[in-house]
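Breakdown of the fold
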Amino acid sequence: MISAILFDLDGVLVTTDILHFQAWKELADRLGIPFTREQGDRCRGVSRMASLEIVLEGAMETYTDAEKAAFAREKNRRYRQRLSALTPADATPGATEVLPELRRRGYRLALASASKNAGLILERTGLGQWMDAVADGTCVTRSKPDPEVFLTAARLVGVPAGQCAAVDDALAGVQAGRAAGMLTVGYGDAGRRGAGDRNIETLMQLLELFPSREEKR
Ligand code: B16
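What comes next concerns the included structure. In this text the structure is predicted, and so the values were computed from the model without any measurement.

Reading the values: the criteria
- Residues numbered from 1 in each chain as written.
- Predicted model: local features only at pLDDT ≥ 70, side-chain atom pairs only at ≥ 80, totals over all residues.
- Heavy atoms only, no water.
- Pairing = 2+ DSSP bridges.
- Helix = DSSP H or I, 4+ residues; strand = E, 2+ residues; numbered from the N terminus.
- Contact = heavy atoms within 4.5 Å.
- Axes fitted to C-alpha atoms, helices over the stretch in contact; angles between N-to-C directions.
- Salt bridge = Lys/Arg side-chain N within 4 Å of Asp/Glu carboxyl O.
- Buried < 20%, exposed > 50% of the residue type's maximum accessible area, 1.4 Å probe, protein only.

Bringing the sheet that holds strand E1 (residues 4–7) into the picture now. Pairing is parallel in the open sheet, where six strands are placed in the order E3-E2-E1-E4-E5-E6. Here the strands that pair on one side only, and so sit at the sheet edges, are strand E3 (133–135) and strand E6 (198–199). The pairing of E1 with strand E4 (residues 164–168) spans four bridges and is classified as parallel. Bridging across to E4, Ala4 finds its partner in Cys164. Across the sheet, helix H8 (residues 171–179) lies against E4 and strand E5 (183–186), angled at about 165 degrees from E5, the strand it touches most.

Structure, rendered in structure tokens:
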């Protein structure tokens, strides 16, 4: 029986990929490097430094690790400026209804995100109030499809992996949830591809997948 539901952030509870794209594009423009939407799409669910390698694919010169670290800091500064304008209205439609209802139904809820800015995003959107735990880029080292972030979230809510559901929009995220031994729920891109054990088009459909735990007894 599922006891905890673990959520990816970007692409599931919020859509910040356009803000990531804009911040990377500003950096790429400053460096004179072409950066396309296709490259931006490949940055979804990928760690900051791995995203930078995608941005630098079109670079004519090679950069030192110190220069790359400075580029990542610059991008993050540009990205956080944009995040500071987020409001609860930027949460994915349905999120502010579904999360409290799932809690009311007896599920533990946690975040499982690669982002080191997850805390700021949860605070600005007000979604943090519904989370029992947060596993994010500040406490894991391996990116999805490695299961580390989902296993960390499960440990933080004190629920065995086999009793957790992992909700993700990226194929790598669904693979991570599966590798963790969890029920996977595909949403967005992963949902359209039928990658999850269950696949949904709207967050409201989570209420059909996860009935009250009292009723199931
Ligand atoms: P940050 P998720 C991911 O969030 C984003 O999809 C990805 O584009 C970003 O590079 C990564 O977080 C790291 O974000 O630079 O804020 O630490 O999908 O895992 O919630």
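Now, onward.
To continue, consider unusual backbone geometry. The step from Lys144 to Pro145 runs through a cis peptide bond, and the omega angle for that step is 20 degrees. Mapped onto the fold, Pro145 is located in the loop between E3 and helix H7 (148–157).

Turning our attention to the pattern of salt bridges. Per the counting criterion, the structure on display carries 19 salt bridges. Among the salt bridges present, the one from Arg103 reaches Asp132, with a minimum N-O distance of 3.3 Å. Taken together, the residues span a long stretch of sequence, with Arg103 in helix H5 (residues 95–104) and Asp132 in the loop between helix H6 (118–125) and E3 at a distance of 29 residues. Of the residues examined, Arg103 reaches a relative accessible area of 32% and is grouped as partly exposed. Across the pair Asp146 and Arg142 runs a salt bridge, and its minimum N-O distance is 3.0 Å. Arg142 sits in the partly exposed class, given a relative accessible area of 45%. Overlapping salt bridges, with partners in common, bring together Glu26, Arg30, Glu74, Arg78 and Arg82 in one network.

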